[in-house]
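# Topology and contacts: notes
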Amino acid sequence: MNDTPYTTLPQWPHAHPVSGASATLKCLNEDFTVTELPLQLPCDEGEHIWLDIEKNGANTAFVAQQLAEAAGVEERDVGYAGLKDRYAITRQWFSIYLPNGKMKGETPDLTRLQHPEFKVLSQSRHVKKLRPGDLQGNRFRIVLRDVTGDSDAIEGNLKAVASDGAPNYFGAQRFGFEGGNVEQGRAMLAREIRVRNPKKKGIYLSAVRSFVFNEVLALRIQQGLWGQTLPGDVMDEAGRPTGPLWGRGRVTTTDQAQALENGVAERHATLCDGMEHAGLDQERRALVASPVDMSWAWQKGHHQGDHQADQLVLTFNLPAGTYATSVLNEILRTTEPERHTEGDPAAVE
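A brief structural summary. Please read all numbers here as calculations on a predicted model, not as lab measurements.

## Concerning the overall build of the protein
Counting its regular elements, the protein contains 7 helices and 14 strands. The C-alpha radius of gyration of the protein comes to 21 Å, within 12% of the 20 Å expected for a compact globule of 349 residues. Once the C-alpha set of the protein is aligned to its principal axes, its extents read approximately 65 × 55 × 40 Å. Considering the protein as a whole, with its 349 residues, one finds that 49% of them fall into the buried category. For the protein, restricting intrachain contacts to residue pairs at least 6 apart in sequence, the fraction spanning at least 24 positions comes to 81%.

What follows is the structure, given as structure tokens:
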């Protein structure tokens, strides 16, 4: 069994040529705007209040805490479909379990709630709670500042990603500060440490599972198999090949695809055996992230010698669970301003 510590994240390979260009991401919160695309809208009746909220500089869990406090309910009574970035302006739905009979008096008007980091745009009743994954996807508008490098190479990658998609890697935020959650997960699964907090346990399992998926995807790209369907692949509803989210049961692939996945599992035996015993079931995830309605525009900045220091504005939709940063990584290298955000759940799902 492989008990090598996972102290650093590997540099997973790109599918498209590396442009050599770079840019700054999230200089300002308004540079990263995310609008949730809901599966359904509230129907005006039911035991739950649904709130359409715009937040600026706050993470999703913090807003959920504030809503629970304002409504006088337990935090578990507040639901949301996905975690949204903190350093961004994001619009998403929350639900609060608040049956009429539970209230002394009238339903509180939470649109009157005043908070510097979020505002409630509307509220309406609905018959069910919002649960993780209850969304179609997200609409992104991203401003990349101080873009330097070869604009033709950037344009080439933009066109390639728009037509062929990008590797559907889980983003770095999934793995914690400097990838530390993967090593914590390995130590937990190897029974070197005991993790009693169920939330932390879930975060570590999620990091380990995401890591193994990324390793399968990376190996396919290294072997020159990007954009190809292998004999034995399991396809998703859109007809795209999928990779494993590890758990109990046999991998559902056969033939060449199964051999590749089992080879990765053998290399990370502690992680894969541990996930099977942790009660996770085998699931699948698309290997390709396919942006929809993707467009971009250059905004002229200043010039530095032969290098352009322009702004690039991108808009696209992504399905739930897909990372905008994984799409951006295929176009150019981005860096964010230094922030101390250890443990901040900054995933967009």
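Having seen the model, we can carry on.
## A closer look at helix α5 (residues 255-267)
Taking 1.5 Å as the rise per residue, α5 with 13 residues should run 18 Å; its terminal C-alpha atoms sit 19 Å apart, in good agreement. Every buried residue of α5 is accounted for by A257, L260, E261, V264 and A265. When α5 is viewed along its axis, its buried side chains cluster within an angular range of 140° and face the same direction. Among the exposed residues of α5, those pointing more than 90 degrees away from its buried face are D255, A259 and E266. The inward-facing, buried residues of α5 abut α4 (198-222), β9 (242-245), α6 (269-277) and β10 (283-286).

## Remarks on unusual backbone geometry
Even without glycine at this site, R191 takes up a positive phi of about 60°. Inspection of the secondary structure puts R191 in the loop between α3 (180-189) and α4. A residue is classified by how much of its surface remains accessible, and R191, at 76% relative accessible area, is exposed. The phi torsion at D255 lies on the positive side, around 60°, for a residue other than glycine. Since its relative accessible area comes to 52%, D255 is described here as exposed.

## A look at the environment of D164
Among the structural elements, D164 can be located in helix α2 (residues 151-164). Those residues within four positions of D164 in sequence are excluded, and the remaining contacts are H16, W226 and V288. Here S163 takes part through its side chain, which lies 3.3 Å from a polar atom of the side chain of D164.

## Quick look at the pairing of strand β5 (residues 89-97)
Buried residues dominate β5, accounting for 7 of its 9 residues. Where strand β3 (residues 48-56) and β5 come together, 9 bridges link them in antiparallel fashion. In the strand pairing of β5, L51 is matched with F94. With 3 bridges joining them, strand β4 (residues 78-80) and β5 adopt antiparallel strand pairing. Residue G79 lies in a different strand from β5, and its bridge partner there is S95.

## With respect to the side chain of D31
Its location among the elements puts D31 in the loop between β1 (22-25) and β2 (32-38). Overall, the relative accessible area of 1% leaves D31 in the buried class.

## Section: the pattern of salt bridges
Tallying each qualifying case throughout the model produces 15 salt bridges. Through salt bridges with shared partners, a single network forms among K26, D85 and E336.

## A few points about the packing of aromatic side chains
Aromatic ring pairs are reported here in terms of the distance separating the ring centres and the angle at which the planes meet. A complete count under the given rule lists 10 aromatic pairs for this structure. With 6.0 Å between their ring centres and 50° between their planes, W50 and W93 make a pair best called tilted. Taken as a pair, W50 in strand β3 and W93 in strand β5 lie far apart in primary sequence, 43 residues in all. One exposure class covers both W50 and W93, and it is buried. Here the aromatic rings of F170 and F213 are separated by 5.5 Å at their centres, their planes lie at 85°, and the arrangement is edge-to-face. On the criterion of sequence distance, the pair formed by F170 in the loop between β8 (166-167) and α3 and F213 in helix α4 is long-range, its members being 43 residues apart. Residue classification places F170 among the buried positions, given a relative accessible area of 6%. Note that K26 overlies the ring of F32, its terminal NZ or CZ placed 4.6 Å from the centroid. Positioned over the ring face of F170 is R285, at 3.7 Å from the centre of the ring.

About the criteria used
Residues numbered from 1 in each chain as written. Predicted model: local features only at pLDDT ≥ 70, side-chain atom pairs only at ≥ 80, totals over all residues. Heavy atoms only, no water. Helix = DSSP H or I, 4+ residues; strand = E, 2+ residues; numbered from the N terminus. Rg over C-alpha atoms; globule rule 2.2 N^0.38 Å. Buried < 20%, exposed > 50% of the residue type's maximum accessible area, 1.4 Å probe, protein only. Contact = heavy atoms within 4.5 Å. Expected span 1.5 Å × (residues − 1). Arc of directions from axis to C-beta. Polar contact = N/O pair within 3.5 Å; in protein donor to acceptor, adjacent residues only side chain to side chain. Pairing = 2+ DSSP bridges. Salt bridge = Lys/Arg side-chain N within 4 Å of Asp/Glu carboxyl O. Phe/Tyr/Trp six-rings, centres within 6.5 Å; stacked < 30°, edge-to-face > 60°. Lys NZ or Arg CZ within 6 Å of the ring centre and 35° of its normal.

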